[in-house]
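What follows is the residue order along each chain.
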Amino acid sequence: MKRLAFFLAVMFTFTAFAPSIMAEPIKKDKEETELSPEEEARLEEMNARVDEIKAMDFSEMSKEERKEVRDELRSMKKEAKTMGGGIYLSVGAIIIILLILILVT
């Protein structure tokens, strides 16, 4: 029972002080990635297409057409993310990974 109480106290401490620790300003020391001329051209095409889609009237479209436009936007978003590079992990994913590492060792 003491072990459970200790574990709960430690977890409460981590959750109580974690927001204040994470509240530090974000430092942008990350280098800006240079895009090749082909990638810049593709990015301009994607921006133009997104502007066209924003100007569309979706009330006159059928359900299938709206779904196609939505899928096109999602694929362009994925493509733009891959151009930027980098791996993003959420705080929850990091906590789960740490817990798994602790349990395995």
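Residues numbered from 1 in each chain as written. Predicted model: local features only at pLDDT ≥ 70, side-chain atom pairs only at ≥ 80, totals over all residues. Heavy atoms only, no water.

1. Observations concerning the overall build of the chain
Summing up its helical and strand segments, the chain has four helices and zero strands in all. Listing every helix and strand of the chain by position from the N terminus yields α-α-α-α. Scored against the burial criterion, the 105 residues of the chain give a buried share of 6%. (Helix = DSSP H or I, 4+ residues; strand = E, 2+ residues; numbered from the N terminus. Buried < 20%, exposed > 50% of the residue type's maximum accessible area, 1.4 Å probe, protein only.)

2. What about the pattern of salt bridges?
Side chains that differ in charge, positive against negative, can pair when their charged atoms come close. Following the criterion strictly, the structure yields four salt bridges and no others. A salt bridge links glutamate 45 to arginine 42, with the nearest nitrogen and oxygen atoms 3.4 Å apart. Residue glutamate 45 and its partner arginine 42 are located together in helix 2 (residues 37-55), separated by three residues, close to a single helical turn. On the accessibility criterion, arginine 42 (30% relative accessible area) is partly exposed. Between glutamate 52 and arginine 49 there is a salt bridge whose closest N-O contact spans 3.1 Å. A residue pair is termed a helical-turn pair when its members lie 3 or 4 positions apart in one helix, as glutamate 52 and arginine 49 do in helix 2 at three residues. Owing to a relative accessible area of 46%, glutamate 52 belongs among the partly exposed residues under this scheme. Each of Arg42, Glu45 and Glu79 takes part in salt bridges that share partners, so that together they form one network. (Salt bridge = Lys/Arg side-chain N within 4 Å of Asp/Glu carboxyl O.)

3. Side note on a positive patch on the surface
On the surface, a cluster of positive charge is made up of Lys63, Arg66, Lys67, Arg70, Arg74 and Lys78. Relative to the elements of secondary structure, arginine 70 occurs in helix 3 (residues 63-84). (Patch = residues over 30% accessible without salt bridge, like charges linked within 9 Å, V, L, I, M, F, W, Y side chains within 5 Å. Areas by Shrake-Rupley, 256 points an atom, 1.4 Å probe, with all protein chains shown as cover. Lys, Arg positive; Asp, Glu negative; His and termini not counted. Charge placed at Lys NZ, Arg CZ, Asp CG, Glu CD.)

4. A closer look at the nonpolar core
In terms of nonpolar packing, the biggest core is built from five residues, these being Met46, Ile53, Met61, Val69 and Met76. At the level of secondary structure, the elements contributing two or more residues to this core comprise helix 2 and helix 3. When near neighbours in sequence (up to four residues on either side) are disregarded, methionine 61 contacts Met56, Arg66 and Val69. (Core = buried A, V, L, I, M, F, W, Y, C linked by side-chain atoms within 4.5 Å. Contact = heavy atoms within 4.5 Å.)

5. Some remarks on a negative patch on the surface
Taken together, the side chains of Glu64, Glu65, Glu68 and Asp71 present a region of like negative charge at the surface. By secondary structure assignment, the location of glutamate 65 is in helix 3.

6. Digging into a nonpolar patch on the surface
Taken together, the side chains of Met1, Leu4, Phe7, Leu8, Met11 and Phe14 present a nonpolar region at the surface, about 700 Å² in accessible area. For methionine 1, the position within the fold is in the segment before helix 1 (2-22).

7. Overview of the confidence of the model for the chain
Scored by pLDDT, the chain comes out at a mean of 79, with 77% of its residues at no less than 70. Within the chain, helix 1 has the poorest average pLDDT of any element, 72, and helix 2 the best, 88. (pLDDT = per-residue confidence, 0-100.)

8. What to know about the environment of aspartate 57
Tracing the backbone shows aspartate 57 in the loop between helix 2 and helix 3. For aspartate 57, a relative accessible area of 43% translates into the label partly exposed.

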